[in-house]
2 protein chains.
Amino acid sequence: MEKNLKRMATMQRMQSVGLAIFYKRGYYDTSVDDVLKELSLSKGAFYYHFKSKEEFFISIVQNIIFQKVYSELIAPIEGLEDPTFILDKCFDSALETTEHNDLDNGFVLSNFITEFNGKNPAIIKLLNEILRVWEVNLITCLQKGKTDGYINRHVDSEAVASYLMSSYIGVRLLMVEGNAKLLRYKFMQQLRSYFKTIIVKR
Amino acid sequence: MEKNLKRMATMQRMQSVGLAIFYKRGYYDTSVDDVLKELSLSKGAFYYHFKSKEEFFISIVQNIIFQKVYSELIAPIEGLEDPTFILDKCFDSALETTEHNDLDNGFVLSNFITEFNGKNPAIIKLLNEILRVWEVNLITCLQKGKTDGYINRHVDSEAVASYLMSSYIGVRLLMVEGNAKLLRYKFMQQLRSYFKTIIVKR
DNA sequence: TTTGCAACAAACCATACGGTCTTTTTAATG
DNA sequence: CATTAAAAAGACCGTATGGTTTGTTGCAAA
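Residues numbered from 1 in each chain as written. Chains lettered and ligands numbered in written order. Predicted model: local features only at pLDDT ≥ 70, side-chain atom pairs only at ≥ 80, totals over all residues. Heavy atoms only, no water.

**Remarks on the relation of the copies chain B and chain A**
Reasoning step 1: Mapping chain B onto chain A calls for a rotation angle of 180° and an axial translation of 0.0 Å; the resulting RMSD is 0.1 Å. Here the transformation between the copies is reduced to the relation of a two-fold axis. (Least-squares fit on C-alpha atoms with pLDDT ≥ 70 in both.)

Here's what the structure looks like:
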């Protein structure tokens, strides 16, 4: 009975280490042996747990990446307060973790979307689905803000959501250049300025 | 004397085709043979003109990518008019070419920055330099807008430049999902809204 | 016409990759 | 302790890659 638990533990360890290396060096430039070396495991162990490298990566997307994006960008904006206030806090803290975590430069989703685009439609579809969840949640958040009197009724929620996603994805990429702290400061400053264009004026 | 011309022509053809394939499938997932097959050339031809695959790519960055970014995003904003007007036109037309060109989804620079990040510092440095040129030009454009009475004097030009770059890079990535036309419309709409926060109010 | 070199062809090499297969170790159960 | 199946080891295979080398073609200058 405990076997199943160990199995799960090993698989999760593999996925966790796998993501770190794939994220750092890219999927196609990381060999299965690279991952196994970091894990001190053998090919036998890998192909006992996973059918292929691709299936391994797909399980990482479903089990880790989705949760990561959800906990960092989606869950935090499901409150009832002023959307611009919630979004401000959410983006700021998301960028803060980026700032302090060297392994977290760039943006997991956009990095892999870039890498798999045109090569692996199945994985692209998976990754885009995560983006969609984020988008839908942003739109819902903004719409609620309208009915609650925070957001101007004439605002195009879908357009704002796209614009927010764009700027976030972009700034995460610019952060790979270094100087994440300054960039975060600039970004948040302009984001707040932009928020003024969508709130209800008092 | 004409030999040199032919040499240049062949090299340029190689670079042009090389960029197209690297852009589509990624650098590491494209073999030299893949490029040569498209060119109907042999290994001998390739290694006669270029020392290595890496040097080949570097020449592409310097000779093609830089020019592409320059003509699309940098040169157009060197006018004397209202910066928000110039930038509006520049971004809109840049996104329009994206919309109509299937080979042009994503953003050349950000795609490759993502791919080479953490793997090839030399190439990363090259690509970042291009970003810097873009950034400096944006800042200059905005500063001139201040002295010309278009942009509010209290605006942080560097922050605005970063924010503009971020949102553009991000929206280009979102466009790989398809529906570039709608996304462009939404983006430009919000960009114009954002511009209202930095102009001089009359 | 002959020479010489630029331009290319293509066989070849070492290495590294994803994946398979057989064998060994580990650990729960009787 | 013996049994058994899960878990892991690691040698092995076919293929593809970046790069080298040797050979061939074509054209300009003598």
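**Brief notes about the protein's contact with DNA strand C**
Reasoning step 1: In the neighbourhood of DNA strand C, 18 residues make up the surrounding shell, with Val32(A), Lys53(A), Ser42(B), Tyr48(B) and His49(B) lying closest.
Reasoning step 2: Considering the 4 Å shell around the protein, atoms of DNA strand C inside it are sugar or phosphate in 66% of instances.
Reasoning step 3: One nitrogen or oxygen atom from the side chain of Lys43(A) is found 2.9 Å from a base oxygen belonging to DNA strand C.
Reasoning step 4: Between DNA strand C and His49(B) there is a distance of 2.8 Å, counted from a phosphate oxygen to a side-chain nitrogen or oxygen. (Near = heavy atom within 4 Å. Polar contact = N/O pair within 3.5 Å; in protein donor to acceptor, adjacent residues only side chain to side chain.)

**Some thoughts on the interface of chain B and chain A**
Reasoning step 1: Residue-level contacts link 40 residues of chain B with 40 residues of chain A.
Reasoning step 2: For the pair chain B and chain A, the interface holds 2 salt bridges.
Reasoning step 3: For the salt bridge of Lys186(B) with Glu158(A), the shortest nitrogen-to-oxygen distance reads 3.8 Å.
Reasoning step 4: Here chain B and chain A share 8 residue pairs in polar contact (both at pLDDT 80 or more) between them. (Contact = heavy atoms within 4.5 Å. Salt bridge = Lys/Arg side-chain N within 4 Å of Asp/Glu carboxyl O.)

**Brief notes about the packing of helix 7 (residues 121–147) of chain A against helix 8 (residues 157–174) of chain A**
Residues and elements named next belong to chain A.
Reasoning step 1: Where helix 7 contacts helix 8, the two axes come as close as 9 Å, and the packing angle between them is 130°. Put simply, helix 7 runs oblique to helix 8. Of the two elements, helix 7 crosses helix 8, and the hand of that crossing is right-handed. Across from Leu 131, Trp 134, Glu 135, Leu 138, Ile 139, Leu 142, Gln 143 and Lys 146 in helix 7, the residues of helix 8 making contact are Ser 157, Glu 158, Val 160, Ala 161, Ser 162, Leu 164, Met 165, Tyr 168 and Ile 169.
Reasoning step 2: Looking at the contact of helix 7 with helix 8, its residues break down into 11 nonpolar, 3 polar and 3 charged. (Axes fitted to C-alpha atoms, helices over the stretch in contact; angles between N-to-C directions. Helix = DSSP H or I, 4+ residues; strand = E, 2+ residues; numbered from the N terminus. Parallel < 35°, antiparallel > 145°, perpendicular 65-115°, else oblique. Left-handed = near helix turned anticlockwise from the far one by under 90°. Nonpolar A, V, L, I, M, F, W, Y, C, P; charged D, E, K, R; others polar.)

**Overview of the pattern of salt bridges**
Residues and elements named next belong to chain A.
Reasoning step 1: If you walk through the whole model with that rule in mind, you get 16 salt bridges over all chains.
Reasoning step 2: The closest approach of N and O atoms between Arg 25 and Asp 34, which form a salt bridge, is 3.5 Å.
Reasoning step 3: Salt bridges sharing common partners tie together Asp 92, Glu 99 and Arg 184.

**Points about the domain arrangement of chain A**
Residue and element names in this part refer to chain A.
Reasoning step 1: As far as domains go, chain A holds domain 1 (1–50) and domain 2 (58–195).
Reasoning step 2: When each unit is reduced to the centre of its C-alpha atoms, the spacing between domain 1 and domain 2 is 28 Å.
Reasoning step 3: Each side of the interface is counted separately: domain 1 has 11 residues, and domain 2 has 18 residues.
Reasoning step 4: Of the roughly 1,200 Å² buried at the junction of domain 1 and domain 2 (both faces included), carbon and sulfur atoms supply 69%.
Reasoning step 5: By the criterion of area lost to domain 2, the three top residues of domain 1 are Leu 19, Tyr 23 and Tyr 28, representing 58% of everything that side buries.
Reasoning step 6: For the pair domain 1 and domain 2, the interface holds 0 salt bridges. (Domains from an automatic or database assignment. Buried area = accessible area lost by both parts, 1.4 Å probe.)

**Thoughts on the environment of Leu87(B)**
Residue and element names in this part refer to chain B.
Reasoning step 1: For Leu 87, the position within the fold is in helix 5 (residues 83–100).
Reasoning step 2: Leu 87 gets classed as buried once you look at its relative accessible area, which sits at 0%.
Reasoning step 3: Residues Leu 87 and Leu 138, spaced 51 residues apart in sequence, show a C-alpha to C-alpha distance of 8.9 Å.
Reasoning step 4: Beyond its immediate sequence surroundings of up to four residues, Leu 87 is in contact with Ile 77, Leu 138, Leu 142, Leu 164 and Phe 195. (Buried < 20%, exposed > 50% of the residue type's maximum accessible area, 1.4 Å probe, protein only.)

**A word on the protein's contact with DNA strand D**
Reasoning step 1: Ser42(A), Tyr48(A), His49(A), Val32(B) and Lys43(B) are the nearest of the 18 residues found near DNA strand D.
Reasoning step 2: In DNA strand D, the atoms that sit within 4 Å of the protein are 62% sugar and phosphate, with bases accounting for the remainder.
Reasoning step 3: Between DNA strand D and the protein, one listed contact pairs a phosphate oxygen with a side-chain N or O atom of Tyr47(B) at 3.0 Å.
Reasoning step 4: For the surface near DNA strand D, the secondary structure elements donating two or more residues are helix 1 (2–25) and helix 3 (43–49) of chain A together with helix 3 (43–49) of chain B.
Reasoning step 5: Here the element with the most residues in the surface near DNA strand D is helix 3 of chain A; it accounts for 5 residues.
Reasoning step 6: Per-class residue counts for the surface near DNA strand D are 5 nonpolar, 8 polar and 5 charged.

**Concerning the nonpolar core**
Reasoning step 1: In terms of nonpolar packing, the biggest core is built from 136 residues, with Ile65(A), Phe112(A), Trp134(A), Ile65(B), Phe112(B) and Trp134(B) touching the most fellow members.
Reasoning step 2: If sequence neighbours within four positions are ignored, Phe112(B) has contacts with Leu19(B), Phe22(B), Tyr23(B), Phe57(B), Ile65(B) and Leu127(B). (Core = buried A, V, L, I, M, F, W, Y, C linked by side-chain atoms within 4.5 Å.)

**Some points on a positive patch on the surface**
Reasoning step 1: Together, Lys196(A), Lys201(A), Lys196(B) and Lys201(B) make up a positively charged patch on the protein surface.
Reasoning step 2: Tracing the sequence through the fold places Lys201(A) in the segment after helix 9 (180–195). (Patch = residues over 30% accessible without salt bridge, like charges linked within 9 Å, V, L, I, M, F, W, Y side chains within 5 Å. Areas by Shrake-Rupley, 256 points an atom, 1.4 Å probe, with all protein chains shown as cover. Lys, Arg positive; Asp, Glu negative; His and termini not counted. Charge placed at Lys NZ, Arg CZ, Asp CG, Glu CD.)

**Remarks on the side chain of Arg184(B)**
Reasoning step 1: Here Arg184(B) shows up in helix 9 (residues 180–195).
Reasoning step 2: Ignoring any residue separated from it by four or fewer positions in sequence, one finds Arg184(B) in contact with Asp92(B), Leu95(B), Glu96(B), Glu99(B) and Met175(B).

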